[in-house]
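Next come the chains, spelled out residue by residue.
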Amino acid sequence: ESDRMEYDDTRKISTFIGRVVLTKGTILIRADRMVVREDADGFQYGRAEGSPASFRQKREGLDEHVEGYGQTIDYDGKAETVVLTSEASLRRLERERVLDEVHGARIIYQSGAEFYTVEGRAPGAQGSDRVRMVIQPRKASESSSAPASTTGDAPSGAPASGRDRKSTRLNSSH
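Because the structure is predicted, anything quoted here is derived from the model rather than measured. (Residues numbered from 1 in each chain as written. Predicted model: local features only at pLDDT ≥ 70, side-chain atom pairs only at ≥ 80, totals over all residues. Heavy atoms only, no water.)

Undergrad: Hey, could you run me through the overall build of the protein chain in this one?
TA: Per the secondary structure count, the protein chain includes one helix and 10 strands. Reading the protein chain from its N terminus to its C terminus gives the helix and strand order β-β-β-β-β-β-β-β-β-α-β. Burial status across the protein chain gives 37% buried among its 174 residues. Of all intrachain contacts in the protein chain linking residues separated by at least 6 positions in sequence, the fraction that spans at least 24 positions is 40%. With an accessible surface of roughly 10,500 Å², the protein chain has 47% of that area assigned to carbon and sulfur atoms. (Helix = DSSP H or I, 4+ residues; strand = E, 2+ residues; numbered from the N terminus. Buried < 20%, exposed > 50% of the residue type's maximum accessible area, 1.4 Å probe, protein only. Contact = heavy atoms within 4.5 Å. Areas by Shrake-Rupley, 256 points an atom, 1.4 Å probe, with all protein chains shown as cover.)

Laid out in structure tokens, this is it:
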């Protein structure tokens, strides 16, 4: 739904303008403007723009959602990917509790594989050139059953020095 829509039947392109809300299955995208096209096989592709644009998707079989923000969101229905660009962030939520959160210039979320890659600042772009990830501590009941680390190594979620790209698979437990 939107305030205004334009449709080109020959090219199979729909343009939604003003307070755009797109729902497809468990995906919800909100934007100021969105262009959606359909290929000959019926797969849909969309570009949402906003200040910021947002998406939210329920994770399969869990009481969790993934939500992301960016100035631009590209959706590829065939590859089941969402690309968040410019001031991008992605969060994993259990109900409304943030489990982890990542920030970067560009985030590629592969929803089918529940995998994402985060890139730091692109050359010439403004903002930090580093990827930033925040992992929330486990609940007390979960941490008491987790083995303590005796190696002195950095936590597995800690970014390695000198890196500006991070790939992560979403897990139902940290």
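Undergrad: Explanation requested: the packing of aromatic side chains in the structure shown.
TA: For any two aromatic rings, the description comes down to two numbers: the centre-to-centre distance and the angle of the planes. For the structure shown, the criterion picks out one aromatic pair. If you follow Arg-37 out to its NZ or CZ, it ends over the ring of Tyr-45, 4.3 Å from the centre. (Phe/Tyr/Trp six-rings, centres within 6.5 Å; stacked < 30°, edge-to-face > 60°. Lys NZ or Arg CZ within 6 Å of the ring centre and 35° of its normal.)

Undergrad: What am I meant to see in the pattern of salt bridges here?
TA: Pairs can form between side chains of opposite charge whenever their charged atoms are close. Per the counting criterion, the structure on display carries 15 salt bridges. A salt bridge links Arg-11 to Asp-8; the shortest N-O distance between them is 3.6 Å. For Asp-8, a relative accessible area of 27% translates into the label partly exposed. One salt bridge in this structure joins Glu-64 and Arg-59, with 2.4 Å as the shortest N-O distance. By relative accessible area, Glu-64 is classed as buried at 4%. For Arg-59, a relative accessible area of 3% corresponds to the buried category. Ionic contacts of the salt-bridge type, sharing partners, join the residues Arg-59, Glu-64, Arg-92, Asp-100 and Glu-114 into one network. (Salt bridge = Lys/Arg side-chain N within 4 Å of Asp/Glu carboxyl O.)

Undergrad: How do you make sense of the nonpolar core when you look at a structure like this?
TA: The tendency in soluble globular proteins is for nonpolar side chains to be buried as a group. Of all hydrophobic cores here, the largest spans 24 residues; its most connected members are Phe-55, Leu-84, Leu-90, Val-102, Ile-107 and Tyr-116. Mapped by element, the contributors of at least two residues to this core are strand 2 (13–24), strand 3 (27–38), strand 4 (44–58), strand 5 (64–76), strand 6 (81–94), strand 7 (97–110) and strand 8 (115–119). (Core = buried A, V, L, I, M, F, W, Y, C linked by side-chain atoms within 4.5 Å.)

Undergrad: What's the story with the environment of Phe-16 in this structure? I'm lost.
TA: Structurally, the position occupied by Phe-16 is in strand 2. Separated by 12 residues in the primary sequence, Phe-16 and Arg-4 have C-alpha atoms spaced 5.9 Å apart. Residues contacting Phe-16, with those up to four places away along its chain left out, are Ser-2, Arg-4, Met-5, Asp-32, Arg-33, Met-34 and Val-36.

Undergrad: Any chance you could explain unusual backbone geometry here in plain terms?
TA: Backbone geometry follows two general trends: most residues other than glycine have a negative phi, and most peptide bonds adopt the trans configuration. Note the cis peptide between Ser-51 and Pro-52, where omega equals -5 degrees. By the secondary structure assignment, Pro-52 is in strand 4. One non-glycine residue, Ser-86, lies in the positive phi region at around 70 degrees. Turning to its location among the elements, Ser-86 is positioned in strand 6. For Ser-86, a relative accessible area of 35% gives the class partly exposed.

Undergrad: Any chance you could explain the side chain of Glu-101 here in plain terms?
TA: When you line up the elements, Glu-101 lands in strand 7. Buried charge without a salt bridge: Glu-101, with Arg-91 as the nearest opposite-charge side chain at an N-O distance of 4.9 Å. Side-chain polar atoms of Glu-101 contact the side chain of His-103, separated by 3.1 Å. (Lys, Arg positive; Asp, Glu negative; His and termini not counted. Polar contact = N/O pair within 3.5 Å; in protein donor to acceptor, adjacent residues only side chain to side chain.)

Undergrad: So what exactly am I meant to see when it comes to the side chain of Glu-64 here?
TA: Along the chain, the position of Glu-64 falls in strand 5. Polar contacts involving the side chain of Glu-64 include one to the side chain of Arg-92, which spans 3.2 Å.

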